Amino acid sequence: MGSLPPRVVVVRRASELDALLARHATLGQAEFFLRSRGGDLGEMRQRHARLQRALATVSAAIPLEWHRAAVERTDLDRFAFTPDDIIVAVGQDGLVANVAKYLHGQPVIGIAVQDPGAQAPGVLARFQPEATADLLRDLAAGRERLQPRAMVAARTDTGEQLVALNEIYLGHRSHQSSRYRLRVDAKTAERQSSSGIIVGTGTGSTGWCASLANGRGMPLPAAQDDWLAWFVREAWPSPATGTSLTSGGLQPGQALRVDVESDGLVVFGDGIESDHLSLAWGQRVEITVARTRLALAG
């Protein structure tokens, strides 16, 4: 960190109760809505209270002379991060993945908000709120070890880019058949019709990619590996389309190239379909190991 006090950016997502109040304005109206559908406002209020306690603990841990800012998940694409920021994501693992795509090497602390009886913190949100003060001091002093996590990037031939921490999906927006030409290297290519392509990192290897690798004998990268695994879902054999290229690995410097041959295709990352690239017939997409990596504390 530089000589100036760092800025701590606390990232959170709205609780279920926040979302409900945004729709129904008052607790009374929200409770009536839930009761009419067999829901329980009490459990929702308890989860909201746990999040508020965690946020208060994190806020109290930030030294008074440091700068601070807060941002909700829905506003991440409009928030201006600076190179010297320290990011504290308070929530579940998915929140760390949400913020990772907007960063360029800034350290990230994942703070877990757990339900009672949970066995352990998450894989990315791995610390309890009470650990925040020590972690911030160690990061500022350069004592905290950071784990670099590979990310996956998709770039179009028109200059658009999307980055994800777990995996990227390329296919039809409704997951129906998509047609394209898949090129693995200069000599290996195939026209395909499938329900999409998934390219995942080691961080995402326990999710979507794990189910796709089952039965294929395809190894998956470990959490801190810097290579990617790719899979074609349900490739369809026909006189015009093949099924010989359905899985493989991508090392840094290698690219999976996709020439789009149907309408309605998209690229999205980490399951967030609303944040996507729209692809037109004839466009080319290159999927690679991203240049940037998540710098995860711990």
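None of these values were measured; they are calculated from a predicted model. One numbering rule holds for all chains: residues counted from 1, following each sequence as written. Only residues with pLDDT of at least 70 are given local features in this predicted model, and only at 80 or more are side-chain atom pairs given and counted; all residues enter the totals for whole chains, interfaces and linings. Values reported for side chains reflect all heavy atoms of the structure, with hydrogen atoms and water molecules removed beforehand.

J.: Requested: an account of the pattern of salt bridges, with residues and values cited.
T.: Side chains that carry opposite charge are capable of pairing whenever their charged atoms lie near each other. What makes a salt bridge here is a side-chain nitrogen of Lys or Arg within 4 Å of a carboxyl oxygen of Asp or Glu, nothing more. Enumeration over the complete set of coordinates arrives at 9 salt bridges. Between Lys101 and Asp275 there is a salt bridge, with the nearest N and O atoms lying 2.6 Å from each other. With Lys101 in the loop between α4 (93-100) and β4 (107-112) and Asp275 in the loop between β15 (265-269) and β16 (276-279), this pair connects stretches of sequence that are 174 residues apart. By relative accessible area, which is 29% here, Asp275 ends up partly exposed. Ionic pairing is found between Asp259 and Arg284, a salt bridge with its closest N-O pair at 2.7 Å. Of this pair, Asp259 sits in strand β14 (residues 256-260) while Arg284 sits in strand β17 (residues 284-289), placing them 25 residues apart in sequence. Burial here depends on accessible area, computed with a 1.4 Å probe over protein chains only, as a share of the maximum for the residue type. Under 20% is buried, over 50% is exposed, and the range in between is partly exposed. You can call Arg284 partly exposed: its relative accessible area is 31%. Helical segments are the DSSP runs of H or I of at least four residues, strand segments are the runs of E of at least two, and each set is numbered from the N terminus.

J.: I'd like a description of the sheet that holds strand β7 (residues 161-164), backed by residues and values.
T.: Pairing is antiparallel in the open sheet, where 6 strands are placed in the order β7-β6-β17-β14-β9-β10. Each edge of the open sheet carries a strand with a single partner, namely β7 and β10 (188-194). Strand-to-strand twist in this sheet, taken as the mean axis angle between neighbours without regard to direction, amounts to 20°. Two strands are said to pair when DSSP picks up at least two bridges between them. With 4 bridges connecting them, strand β9 (residues 178-185) and β14 associate as antiparallel partners. In the strand pairing of β14, Leu182 is matched with Val258. Each axis is a line fitted through C-alpha atoms, taken for helices only over the stretch in contact, and angles between the N-to-C directions span 0 to 180 degrees.

J.: Account for the sheet that holds β15, with residues named and values stated.
T.: With respect to topology, 6 strands assemble into an open sheet ordered β13-β12-β11-β8-β15-β16, the strand pairing being antiparallel. What marks the edges here is a single partner per strand, and that holds for β13 (247-250) and β16. For this sheet, the mean inter-axis angle between neighbouring strands, taken without regard to orientation, is 15°.

J.: A description of the environment of Gly204 should follow, citing residues and the corresponding values.
T.: Among the structural elements, Gly204 can be located in the loop between β11 (197-200) and α6 (208-213). Taking the relative accessible area as the measure of exposure, Gly204 reaches 4% and is therefore buried. Separated by 66 residues in the primary sequence, Gly204 and Asp270 place their C-alpha atoms 8.6 Å from one another. In this description, contact between two residues means that some pair of their heavy atoms is separated by no more than 4.5 Å. Each residue touching Gly204, except ones within four places of it in the same chain, is listed here: Leu165, Asn166, Glu167 and Cys209.

J.: Can you tell me about helix α5 (residues 132-141), naming the residues and giving the values?
T.: All buried positions along α5 are accounted for by Thr132, Leu135, Leu136 and Leu139. Taken around the axis of α5, the buried residues stretch over an arc of 100°, which confines them to a single face. Once α5 finishes, Gly142 follows within two positions and takes phi at roughly 75°, a positive value. Throughout, the arc means that of the directions going from the helix axis to the C-beta atoms.

J.: How would you sum up α4? Please name residues and give values.
T.: Counting buried positions along α4 gives 6 out of 8 residues, so the element sits mostly inside the fold. If you check which residues of α4 are buried, you get Leu95, Val96, Ala97, Asn98, Val99 and Ala100. In this structure, the buried side of α4 is in contact with β1 (7-12), β3 (85-91), β4 and β18 (294-297).

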